[in-house]
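# Topology and contacts: notes
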Amino acid sequence: MTTKTLLLLSRLGLRLCTSKGAHRPCRAGPLTCLSHVSPHLLCSSSYSSSIKVRSYLQYMKHKIIPPPSPPYKHVCQVGDPVLRSRAAAVDPAAIRGAEIQKTINTLVKVMRKLDCVGLSAPQIGVPLRILALEYPEKMLEESSPASREARGLSAQPLRIFVNPHLRVLDGRTVLFQEACESISGYSATVPRYLSVEVSGLNEKGEDVTWQASGWPARILQHEMDHLDGVLYVDRMDSRTFVNINWQAFNE
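Residues numbered from 1 in each chain as written. Predicted model: local features only at pLDDT ≥ 70, side-chain atom pairs only at ≥ 80, totals over all residues. Heavy atoms only, no water.

### Let's talk about the overall build of the protein
What counts is decided by this rule: The way it works is that DSSP assigns letters per residue, a run of H or I at least four long becomes a helix, a run of E at least two long becomes a strand, and they are numbered from the N terminus. Buried means the residue's accessible area, taken with a 1.4 Å probe over protein chains only, is under 20% of the maximum for its type, while exposed means over 50%, and partly exposed covers the values in between. For this analysis, residues touch if any pair of their heavy atoms sits within 4.5 Å. Accessibility throughout is a Shrake-Rupley quantity obtained with a 1.4 Å probe, and a residue counts as covered only by protein chains that appear here.
Across its full length, the protein carries eight helices and eight strands. Across the 251 residues in the protein, those meeting the buried criterion constitute 39%. Contacts spanning at least 24 positions in sequence make up 66% of the contacts within the protein whose residues lie at least 6 apart. Element-wise, carbon and sulfur atoms account for 55% of the exposed surface of the protein, whose accessible area totals about 14,600 Å².

### Observations concerning the nonpolar core
Proteins that are soluble and globular tend to have nonpolar side chains buried together. Put simply, the rule reads: Residue types Ala, Val, Leu, Ile, Met, Phe, Trp, Tyr and Cys, when buried and joined through side-chain atoms within 4.5 Å, form a set referred to as a nonpolar core.
Counting 20 residues, the largest nonpolar core has V90, L119, I130, I160 and V162 as its most contacted members. Looking at this core, the elements that each hand over two or more residues are α4 (98–113), β4 (130–135) and β5 (156–179). Ranked by the residues each element gives to this core, the list is headed by α4, at six residues. Setting aside residues no more than four positions away along its own chain, V162 makes contact with V90, I95, R129, I130, G200, L201 and N202. Listed in part, the 18 residues of the second largest apolar core include L133, L153, F161 and W215.

### Observations regarding unusual backbone geometry
Following P70, the chain continues into P71 via a peptide bond in cis, with omega recorded as 0°. Of note, P71 is situated in the loop between α3 (45–64) and α4. Backbone geometry places N163, a non-glycine residue, at a positive phi of 50°. Here N163 lies in strand β5.

### Digging into the pairing of β4
Definition in use: Strand pairing follows a simple DSSP-based rule, namely that at least 2 bridges must link the two strands.
The buried fraction of β4 is high, at six of six residues. Pairing geometry for strand β3 (residues 118–120) and β4, over three bridges, is antiparallel. Residue pairing across strands places L119 opposite A132, the latter belonging to β4. In this sheet, β5 lies alongside β4 in antiparallel orientation, the contact comprising five bridges. Within β5, the residue paired with I130 across the bridge is V162.

### Details of helix α7 (residues 215–227)
The line we're drawing: Here a helix's expected span is defined as the number of its residues, less one, multiplied by 1.5 Å.
If you check α7, its first and last C-alpha atoms are 19 Å apart, about what 13 residues at 1.5 Å a residue would give, namely 18 Å. Of all 13 residues in α7, 13 are buried, a share of seventy percent or more.

### A word on the pattern of salt bridges
The condition is simple: Each reported salt bridge corresponds to a side-chain nitrogen of Lys or Arg within 4 Å of a carboxyl oxygen of Asp or Glu.
Throughout the structure, instances matching the rule amount to 10 salt bridges. Of the charged contacts, one joins R192 and D225 as a salt bridge, the two residues approaching to 2.9 Å between their closest N and O atoms. Note that R192 is positioned in strand β6 (residues 186–201) and D225 in helix α7, a separation of 33 residues in sequence. With a relative accessible area of 3%, R192 lands in the buried category. One salt-bridge network, held together by shared partners, links E178, R192, R218, D225 and R235.

### Topic: the packing of aromatic side chains
Here is the rule we go by: Think of it this way: a Phe, Tyr or Trp ring, Trp meaning its six-membered ring, pairs with another when their centres are within 6.5 Å, and the plane angle makes it stacked under 30 degrees, edge-to-face over 60, tilted otherwise. For a Lys NZ or an Arg CZ to count as sitting over a ring, it must be within 6 Å of the ring centre and within 35 degrees of the ring normal.
For the coordinates displayed, the defined rule picks out three aromatic pairs. Seen in terms of ring centroids, F176 and W215 are 5.8 Å apart; in terms of plane orientation they differ by 65°. Their pairing is edge-to-face. Here F176, found in strand β5, pairs with W215, found in helix α7; they are 39 residues apart in sequence, far enough to count as distant. Cation over ring: R159 sits above W210, and NZ or CZ is 4.0 Å from the ring centre.

### Points about a positive patch on the surface
Note the threshold: Like charges are joined within 9 Å and nonpolar side chains (Val, Leu, Ile, Met, Phe, Trp, Tyr) within 5 Å, but only among residues with over 30% relative accessible area and no salt bridge; these make up the patches. The charge count includes Lys and Arg as positive and Asp and Glu as negative, but it does not include His or the ends of the chains. The location of each charge is read from NZ of Lys, CZ of Arg, CG of Asp or CD of Glu.
On the surface, K73, K102, K109 and K113 cluster together to form a positively charged patch. Relative to the helices and strands, K109 resides in helix α4. We classify K109 as exposed; its relative accessible area is 63%.

Printed below as a string of structure tokens:
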């Protein structure tokens with residue numbers, strides 16, 4: 001399937017679903033399967049009615065204002081099939097084209113708007129192998145010297161990788177708490193390799209290679225996972241999984 005076709009499918013709200021090696025487009029609606037999983041529907045007719053009202057209002061809203069299409073200006077949340085599919089490679093000849101450039105520009109804008117240090121194309125609804133990372137100097141200054149040393153923090157300029165390949169340079173792993181904009185409000189301890197190398201193409205279609213260690217290496221591994229449909233919850237120590245606002249609920 002071509003890069004152009006994948007972008008078109010994502011704009012139509014279609015995702016690539018996998019079933020034992022077969023790839024087929026599917027559409028995930030906003031209320032898919034709710035009536036089958038909510039226990040409230042078993043005992044509350046008013047809850048069922050409210051769902052119908054909200055669904056109708058949303059339908060009318062979409063008749064007036066078309067729903068957004070990828071690349072989104074928001075981050076897709078866990079449950080969206082695009083986050084669990086292996087992203088497709090980008091045709092190198094298409095990198096300088098308007099479609100891919102729009103995806104890259106949107107990726108960077110969303111990443112900076114949310115003050116996050118890395119983001120992948122699937123997270124904005126585009127199932128292509130593109131990622132961005134950046135660790136601003138200002139963010140580094142907000143960290144304590146002890147934190148910088150322990151985590152291996154360092155300021156990093158904006159870097160874009162298209163069709164990236166990761167190679168492990170240091171097989172030792174370190175454990176640190178990690179979060180994700182696609183699993184908003186939660187974090188967990190995740191093991192990551194100390195040092196890695198990434199090679200691929202940049203936003204201009206030029207060959208690039210970069211060696212990273214410490215926190216930048218962690219960011220790279222996190223974003224590379226997204227391109228393969230893997231989330232940090234698949235690698236975490238489940239006993240460390242927390243709602244980052246848990247204390248507020250007790251106040």
